[in-house]
Protein chains: 2
Amino acid sequence: MLRCVSSLSFSGLLEEKILAAAEAGFSGIEIFREDIVGFPGPPEDVAALASEKRIDILSLQSLRDFEAVPGAERAWALTRAERFLDLTARIGSPMLVVCANTRADTIPDADRAAADLAALADLARTRGLRIGYEALATSAHVRSYVDAWTIVKKANRENLGLIINAVHSIAADADFGRLRDIDPQRIFLVHLADAPTARIDTRLLTQSFRLLPGQGNLPVHDLYGALAALNYRGPLSLEIFNDQSRALTPSAIARDGMRAFDLLDGTLKADRSPHSLVRDVAFVELACQGEDASQLERLLSQMGFVRTHLNRPGTIALYRQGRITLVVNQATAGLAHSFYLLQGLSVSAVGLRVEMEQFTKRTSLQSSKPGSEGQAKRTFDVPTIRGPGGAVFYLLDDDLDRQPFFDRDFTPVLGAAPSNALGNVDHFIQALVPNLFLSALLFYRSVFDFKSEEQHDVFDPHGMVRSRTVSNANGRVRMSLNSSLSHATTTQRFVEKSGFAAYHHFAFDCDDIFAYAATLDPRFAMKVPPNYYDDLMLRFNVSAELIDKLRRSNILYDRDSRGSYFQLYSRQLNGFFFEVVQRNGYTGLGAANAPVRMLAQSLDFETEHAFDL
Amino acid sequence: MLRCVSSLSFSGLLEEKILAAAEAGFSGIEIFREDIVGFPGPPEDVAALASEKRIDILSLQSLRDFEAVPGAERAWALTRAERFLDLTARIGSPMLVVCANTRADTIPDADRAAADLAALADLARTRGLRIGYEALATSAHVRSYVDAWTIVKKANRENLGLIINAVHSIAADADFGRLRDIDPQRIFLVHLADAPTARIDTRLLTQSFRLLPGQGNLPVHDLYGALAALNYRGPLSLEIFNDQSRALTPSAIARDGMRAFDLLDGTLKADRSPHSLVRDVAFVELACQGEDASQLERLLSQMGFVRTHLNRPGTIALYRQGRITLVVNQATAGLAHSFYLLQGLSVSAVGLRVEMEQFTKRTSLQSSKPGSEGQAKRTFDVPTIRGPGGAVFYLLDDDLDRQPFFDRDFTPVLGAAPSNALGNVDHFIQALVPNLFLSALLFYRSVFDFKSEEQHDVFDPHGMVRSRTVSNANGRVRMSLNSSLSHATTTQRFVEKSGFAAYHHFAFDCDDIFAYAATLDPRFAMKVPPNYYDDLMLRFNVSAELIDKLRRSNILYDRDSRGSYFQLYSRQLNGFFFEVVQRNGYTGLGAANAPVRMLAQSLDFETEHAFDL
């Protein structure tokens, strides 16, 4: 199937759209009529530009309200259609898209619609053009591709075929099983898009919430699978538009579009490995200097981390506990230091253990090559990939200390052995500007093969925070993407403070959180508002003893149908913080406690004296 | 009916919420349980604070999933409910809100639900408390207030009553006519909210898109009217939450909430004048200095405006044409000059002729007093009111030159009489930051009694622009509110350039736009991209002659079912521009041409040499 895109899916000028689509590797582009309006040259120059950029022009979009109009208007409808055909030819497109009539006064007669389309197809044939006919869920009588196929068959013209639209088909409750009845040669084009939900009014769904496949929740992959089963070899064109995507550059949309296709292909592949492409978190790197570094190191020792290795210049230390490795990077050059200079103490990279062979084989790597971050020197000699918001991921085929450079670069530090009180990275949270939220979701789903859960809204004391969890197949890498429109939420404050790779939070798991909390100087723990513990009595059937224990240790509590969950937060350092969790069967990330955590932090932000100890 | 609000409707801390509600004049506030979590003192202090601020505590929200739970869980449900009752008493609330059970395993038995509620009511009675029972569209068995009323009647307890929720009732297709069957004494509370549409999944509708009445499109006024007809005298509480409102301060939400009530009352009043509260635009004031001022004056003369009056110091000139008055203010002190200093040449105020007596009688003036803009000296000695985004409106009872100060302050300038080529202000556009969009809508509907049309999205070349038209009853004041999430749209660029009162555009009407265009130096007109005219041939059945005429004069064309529309734009001055329109029956504002206008301007913005003539 050919990866294509509609110019409607991009913002910017037509020249930029064609260039972005061609550079991202799309084989064809549909030209939206309104885009020609702003094009500086005559329509013929659109054809020349596309040919120069080596991308096919797929269609002109769209002739509307053409077929089965009341008698008096038929002559004008045909005149208008001929003008569309002329423009189709001028831009060098082989096909004109005709959308099913949405006017209320459309004549409800398939024969009449077929006769009109046959007449149009004949006019097109004299120009060497094809006509694609597309059902719309908002049409008066041709709501599903099954209806459109009836008319196309009746019209019976070689150069008249079907266009299938994913969102309109789903909105019209079309059964993709019926595709089996259609000769794939007669499908001229498929329009792909996703949406947050199908439980919404048809007009709203089809006109305002079009997402890339994988960003929403519609069964677009079912259509994709049905087309593959049908051996459809024609073009699939992305046709999306929404507030967020239109605020992105054409090249960002093109890149995301390619990732959406990668994801569709990945889901389809039968030979897909049952293993997790990303296995687990190998390390977390923090960039810091001077007083920031000493505060971080005091917090880490408090939390039971032990410095086990130092690089030869003595600027990079490894802190370890259980299977967790933290890289504390105080080097005054390189990529991590650039992060520090831009935003102060922050997570500068995350190391992931991946199935390297599979990872490099995946199509997604074609659209985002490792190491594309430019010239800045990296901490480790392994491939990297840039993620949403400028995040840096190191990709390791094995543990950090089994890498060839490890013994050369790092010396063990003699001293106490690390404890195992904390075991693994349980999850982490990335804060994003709103425009990148959908882009990020697609990155993690497509490039890292993460699954995503449904979006939920969290009430921050100063606004609303949108949150969505993504995780790998074995459940060992779990992260939450947070975003907020309000400038005063803890999420948005953190994004505004940290321009890049805004991980505001890493959580570690623990087998006995009460014993762990007993070892912690309470000045390093986030203070939970006292009424929280009284409120727990209204939420859960737990003993007063447990609540007292929780209160004494500033531990938060949650429960789902599978078990209980305990959470302990560190105070923040430049907005960044750690969490320690104990899960007894519980599967969530403690969303029910997010508002109280945000509240406590917002009070802490306002005082801003976190580590004046 | 008592104006109340839920603490859930505000962002911020509970103390700030109570203060904001009290200061805005709400008589009662409901306390959302989660808000107590962050309250610094014991629950008793909530009662003390409310009493000090002279606002009643109306209820504790909300006990959920209480009634008709499976047998084994009933004991815990009652224990939990007693803890809610204890908290209700501690915060000094007379009532606990109980929401209908949403669990799938709820026992479908109204008798069982009634028995549970009766038991709860008896527990409440010993504490002197009341129970309000609220149906939810998302509940398993009690979706509409009619269902809840059946259960309340069965339970038959004096201190158990009904809570009616507007959004849930509308989502459950409840008929407000059935309210007649209910004794208004047994309605303990009404929850009010609006939503953009009811054509959306119930869970989404009720949980994520709650707007203030008047900001959405649900028939909330029908419920309000039905309650008034029933002589309901109890509390009405606003219960709203959405991305935009949660980004506002508590006092801004409280002010908007009061406006929503004003609007409901205004719609209800039978004695409401059929006349327009706002009659028309009396004048538009532009602040400018030096080179900006000469550029503006050259543009105005080009457009046929004539300087007719000058104030005594010679700093304020009136430019007139037809019934249009432009006030060109070059004074170096005062409010207009403050606008100039902040953002350069811009519209600093709009004068409106209003029915002054009615205007000052309306409740809305209580919540936003004229002249609240502080100490800066104003241009005219008439009342002003501050609008969205800091906009200043002068309110006049008659024409500017019939004001007592006019002959004292202004001297006629001898010279040519103004022409009548342009007649009136046809419409204008205000650009807003996204968070103020809904607030602005409510301001214009409530304070100015404007009607609003449905929102539509316009494709800017660099993003999407949300647009909504509001107008007065006689149609002589029409404005469009525009807002965009994308930083690169012409709308958002303009907002970012002009911090206050960002009117980016005023349109004047004209009887013969071609004759008018012939008088205009083409260097002052916005250049329309040439392909626009070819595209017109695809849209409309108009003659090639007309298209040639349009092309020669850079005039845009549109048509609706009632007639045709012609548009001519000036080039921009500091982002601001004028439009000349001729409407032959057409009723819109030319939304179909907005993308090409934005495109042409975005090219013009990028070159930024508009008036280098």
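Only a predicted model underlies this, so the values are computations on that prediction, with no experimental measurement involved.

Attention now goes to the relation of the copies chain A and chain B. You can overlay chain A on chain B at an RMSD of 0.1 Å; the transform is a turn of 180° with a shift of 0.0 Å along its axis. In short, the pair behaves as if placed about a two-fold rotation axis. Judged by C-alpha distance, A:Ile200 is the residue of chain A that lies nearest the rotation axis, at 2.0 Å. Counting the interface residues of chain A, we find that 98% of their copies in chain B are interface residues as well, pointing to one common contact surface.

Let's shift gears to the interface of chain A and chain B. Interfaces are often sized by the accessible area lost when the parts come together. Each side of the interface is counted separately: chain A has 52 residues, and chain B has 51 residues. With both chains or domains summed, chain A and chain B bury close to 4,700 Å², and 58% of this area falls on carbon and sulfur atoms. When the area that chain A buries against chain B is broken down by residue, the three leading residues are A:Val37, A:Arg246 and A:Leu538, summing to 15%. At the junction of chain A with chain B, the criterion picks out two salt bridges.

For the structure on display, the rule yields 66 salt bridges over all chains. The salt bridge partner of A:Arg112 is A:Asp116, with a shortest N-O separation of 3.1 Å. Here A:Asp116 and A:Arg112 lie together in helix α5 (residues 110-126), a separation of four residues that amounts to about one turn. Overall, the relative accessible area of 3% leaves A:Asp116 in the buried class. Taking the shortest distance from any N to any O, the salt bridge between B:Glu52 and B:Lys53 comes out at 3.4 Å. For B:Glu52, a relative accessible area of 56% gives the class exposed. Via salt bridges that share partners, A:Asp280, A:Arg353, A:Asp398, A:Asp399, A:Arg402 and A:Arg476 belong to a single interconnected network.

Let us now look at the confidence of the model for chain A. All names here are of chain A. When pLDDT is averaged along chain A, the result is 90, and 94% of the positions lie at 70 or above. Long-range and interchain partners of residues 363-375, a stretch whose pLDDT sits below 50, account for 27 contacts in this model, where long-range means more than four residues apart. This prediction of the complex comes with two scores: 0.83 for pTM and 0.78 for ipTM.

Among the secondary structure elements, A:Val37 is positioned in helix α2 (residues 33-37). You can call A:Val37 buried: its relative accessible area is 6%. In this structure the C-alpha to C-alpha distance between A:Val37 and A:Leu14, which are 23 residues apart in sequence, comes to 9.3 Å. With residues near it in sequence (within four places) discarded, A:Val37 still touches B:Pro529, B:Asn531, B:Tyr532, B:Asp535 and B:Val596.

All names here are of chain B. One open sheet accounts for eight strands, arranged β14-β15-β13-β9-β12-β11-β10-β16; its pairing is mixed. At either margin of the open sheet sits one strand with a lone partner, and together these are β14 (384-386) and β16 (410-412). Direction aside, neighbouring strands of the sheet carry axes that sit 30° apart on average. Sheet topology note: the strand β13 (residues 346-354)/strand β15 (residues 392-396) ladder contains four bridges and is parallel. Residue pairing in the sheet places arginine 353 in a bridge with leucine 396 of β15.

All names here are of chain B. Strand order in the closed barrel formed by eight strands is β1-β2-β3-β4-β5-β6-β7-β8, with parallel pairing between adjacent strands. Strand-to-strand twist across the sheet, computed as the mean angle between neighbouring axes with direction ignored, equals 30°. In this sheet, strand β4 (residues 95-99) lies alongside strand β3 (residues 56-63) in parallel orientation, the contact comprising two bridges. Along β4, the bridge assignment pairs leucine 60 with leucine 96. Across the sheet, helix α5 (residues 110-126) touches β3, β4, β5 (130-134) and β6 (160-165), and the angle it forms with β5 is around 150°. Most of the contacts of helix α6 (residues 145-155) go to β6, to which it runs at about 175°, and overall it touches β5 and β6.

As a further point, take the nonpolar core. Soluble globular proteins: nonpolar side chains tend toward being buried together. Formed by 186 residues in total, the largest nonpolar core has its most connected members in A:Tyr133, A:Leu179, A:Leu192, B:Tyr133, B:Leu179 and B:Leu192. Those residues in contact with A:Leu179, other than ones at most four positions away along the chain, are A:Tyr145, A:Ile164, A:Ile187, A:Leu223, A:Ala226, A:Leu227 and A:Leu230.

Turning our attention to the state of the cysteines. Taken as a whole, this structure holds zero disulfides over all chains when the rule is applied. Just so you know, B:Cys4 is unpaired, no disulfide at all, and the nearest cysteine sulfur is the one on B:Cys99, 17 Å from it.

This paragraph deals with the packing of helix α4 (residues 74-90) of chain A against helix α20 (residues 531-539) of chain B. The description of two packed helices rests on the angle between their axes and on the distance between the axes. Packing of α4(A) against α20(B) brings their axes to within 8 Å, and their N-to-C directions diverge by 145°. Residue-level contacts link A:Trp76, A:Arg80, A:Arg83, A:Phe84 and A:Leu87 of α4(A) to B:Met537, B:Leu538 and B:Arg539 of α20(B). Across the contact of α4(A) with α20(B), the residue classes break down as five nonpolar, no polar and three charged.

Turning next to the packing of aromatic side chains. The description of an aromatic ring pair rests on the distance of the ring centres and on the angle between the ring planes. A full pass over the atoms with the stated rule returns 60 aromatic pairs over all chains. Measuring from ring centre to ring centre gives 5.2 Å for A:Phe406 and A:Phe410, while their planes differ by 15°; the resulting arrangement is stacked. Residue class for A:Phe406 comes out buried when judged on its relative accessible area of 2%. Residue classification places A:Phe410 among the buried positions, given a relative accessible area of 5%. Taking 5.5 Å as the distance between ring centres and 55° as the angle between the ring planes, the aromatic pair formed by A:Phe448 and A:Phe450 counts as tilted. Considered together, A:Phe448 and A:Phe450 belong to a single accessibility category, that of buried residues. In this structure, A:Arg130 is placed above the aromatic ring of A:Phe188, and the distance from its NZ or CZ to the ring centre is 3.7 Å. The positively charged end of B:Arg466 is found above the aromatic ring belonging to B:Phe437, 4.9 Å away from the centroid.

Reading the values: rules and limits
Residues numbered from 1 in each chain as written. Chains lettered and ligands numbered in written order. Predicted model: local features only at pLDDT ≥ 70, side-chain atom pairs only at ≥ 80, totals over all residues. Heavy atoms only, no water. Least-squares fit on C-alpha atoms with pLDDT ≥ 70 in both. Contact = heavy atoms within 4.5 Å. Buried area = accessible area lost by both parts, 1.4 Å probe. Salt bridge = Lys/Arg side-chain N within 4 Å of Asp/Glu carboxyl O. Helix = DSSP H or I, 4+ residues; strand = E, 2+ residues; numbered from the N terminus. Buried < 20%, exposed > 50% of the residue type's maximum accessible area, 1.4 Å probe, protein only. pLDDT = per-residue confidence, 0-100. Pairing = 2+ DSSP bridges. Axes fitted to C-alpha atoms, helices over the stretch in contact; angles between N-to-C directions. Core = buried A, V, L, I, M, F, W, Y, C linked by side-chain atoms within 4.5 Å. Disulfide = S-S within 2.5 Å. Nonpolar A, V, L, I, M, F, W, Y, C, P; charged D, E, K, R; others polar. Phe/Tyr/Trp six-rings, centres within 6.5 Å; stacked < 30°, edge-to-face > 60°. Lys NZ or Arg CZ within 6 Å of the ring centre and 35° of its normal.

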